[in-house]
Amino acid sequence: MRIRASVAAVTGALALSALAVPAAHADGTGSAYRAEAMKIVKGAHAASGKQGVKSARGDMPYDLNVTFSQFKVAKAIKVGTTNHVSTTVTYTLTHGADVDITADDFLTGPYLYKGSFDYPDNTVFGDLPATCKVATATTAKCTGKLDIYPSDGWLFNSDAGSWKGAAIAIAYNGQDEKNPDVSKIGFADKGGLGYTSVQRYSRQTVNASPEPVKKGRTITVTGALTRANWEDNKYHGYTKQSVKLQFKKKGASAYTTLKTVKTDSRGNLKTTVKATADGYFRYSFAGTSTTPAIDSTADFVDVR
């Protein structure tokens, strides 16, 4: 189940198994992920912010004796316009002797956030709980998934770039989620555990013509560099970007760069070279912080 946090009205009546909080843009009420988790913990709508969230009875969860470390996530997460993207995160959970992480109502999971920890621009996560394997009496190795559904409007183009890793843990301690004593529920949350880039998936094309061509004649090489637009679920030209035109002679093992070309106002590429030998042309884009590197497929030209 996925709920848009900025519009959802989540209450304690939700079953523990339904604790699945989606990516959502903060709406001025503090951390969307933590606010949603705490709504479920306390069965009340979030007032949120750094002062926390109180239930209708004024209770607050206690600080759970849990810390997180060794957070590992992919260096970059490439997201297109339609396909669901999932990536695995691992981390170490350290807890006090008083915390039973094997309890059915103990939940933990990783998430990502962009911007500040207390007031993030957006958050990305998957369904809780993560899978944790006991390592010692006070530590466990946990593995969780992060999910992004771009066609559901979970990302804006401005979200591309650097994100930080975080993790959460909730111990319900046998409390009835419909009418809990919130003061007996433990809650831990930590940000700044790791880093990744969420990038707009890129595409690169190439076409060299004429084919075949006489040696010494001019070959025109066209192409286009496009990237995902998360706001209309289409691909648009990536403008004013430097792209290398590369050539690999037939029988050779590596490409050499012939020149660097810049994309125009629509992301298109066009340049000319002299025909010298049979071989393969391609355009190669080195990537940016918001868009991954991409090589076009090779286009073979027969020189006669």
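Reading guide: rules and limits
Residues numbered from 1 in each chain as written. Predicted model: local features only at pLDDT ≥ 70, side-chain atom pairs only at ≥ 80, totals over all residues. Heavy atoms only, no water. Helix = DSSP H or I, 4+ residues; strand = E, 2+ residues; numbered from the N terminus. Buried < 20%, exposed > 50% of the residue type's maximum accessible area, 1.4 Å probe, protein only. Lys, Arg positive; Asp, Glu negative; His and termini not counted. Salt bridge = Lys/Arg side-chain N within 4 Å of Asp/Glu carboxyl O. Polar contact = N/O pair within 3.5 Å; in protein donor to acceptor, adjacent residues only side chain to side chain. Contact = heavy atoms within 4.5 Å. Disulfide = S-S within 2.5 Å. Pairing = 2+ DSSP bridges. Axes fitted to C-alpha atoms, helices over the stretch in contact; angles between N-to-C directions.

A.B. asks: An account of the side chain of Asp 147 is requested, with residue identities and associated values reported.
C.D. replies: Following the sequence through the fold, Asp 147 ends up in strand 9 (residues 139-148). Lys 145 provides the closest opposite charge to the buried, salt-bridge-free Asp 147, at an N-O distance of 6.9 Å. Here Ser 86 takes part through its side chain, which lies 3.2 Å from a polar atom of the side chain of Asp 147. For Asp 147, the residues in contact, after removing those within four places along its chain, are His 84, Val 85, Ser 86, Val 124, Phe 125, Gly 126, Asp 127 and Trp 154.

A.B. asks: Tell me about the state of the cysteines, and name the residues and values.
C.D. replies: Cysteine pairs can be covalently joined through their sulfur atoms, and such a bond is termed a disulfide. By the definition in use, this model includes 1 disulfide. The residue that forms a disulfide with Cys 132 is Cys 142, at a sulfur-sulfur distance of 2.1 Å. Taking the sign of the S-S torsion, 110° for the link of Cys 132 and Cys 142, the bridge is right-handed. In this pair, Cys 132 is assigned in strand 8 (residues 131-134) and Cys 142 in strand 9, connecting sequence segments 10 residues apart. For Cys 132, a relative accessible area of 29% puts it in the partly exposed group. What makes Cys 142 buried here is its relative accessible area of 1%.

A.B. asks: Can you explain the sheet that holds strand 3 (residues 66-72)? Please cite residues and give values.
C.D. replies: Read across the sheet, 4 strands follow the order 3-5-9-8 without closing on themselves; strand pairing throughout is antiparallel. The open sheet has two edge strands with one neighbour each: strand 3 and strand 8. Between one strand axis and the next, the sheet turns by 25° as a mean value, whatever way the strands run. In this sheet, strand 9 lies alongside strand 5 (residues 85-95) in antiparallel orientation, the contact comprising 10 bridges. Paired with Ser 86 across the strands is Asp 147, a residue of strand 9.

A.B. asks: With reference to specific residues and values, describe the environment of Ala 97.
C.D. replies: As for its position among the elements, Ala 97 is in the loop between strand 5 and strand 6 (106-115). Here Ala 97 falls in the exposed class, since its relative accessible area comes to 78%. For the pair Ala 97 and Asn 65, spaced 32 residues apart in the sequence, the C-alpha separation amounts to 8.8 Å.

A.B. asks: Mind laying out the pattern of salt bridges, listing which residues take part and the relevant values?
C.D. replies: According to the stated counting rule, one finds 2 salt bridges in the structure shown. Between Asp 295 and Arg 282 there is a salt bridge, with the nearest N and O atoms lying 3.6 Å from each other. Separated by 13 residues along the polypeptide, Asp 295 in strand 19 (residues 294-295) and Arg 282 in strand 18 (residues 279-285) bring together distant segments of the chain. Owing to a relative accessible area of 37%, Asp 295 belongs among the partly exposed residues under this scheme. Residue Arg 282 is classed as buried on the basis of its relative accessible area of 18%. When the shortest N-O distance is used, the salt bridge between Asp 302 and Arg 304 registers 3.0 Å. Relative accessible area serves as the criterion here: at 24%, Asp 302 is assigned to the partly exposed category.

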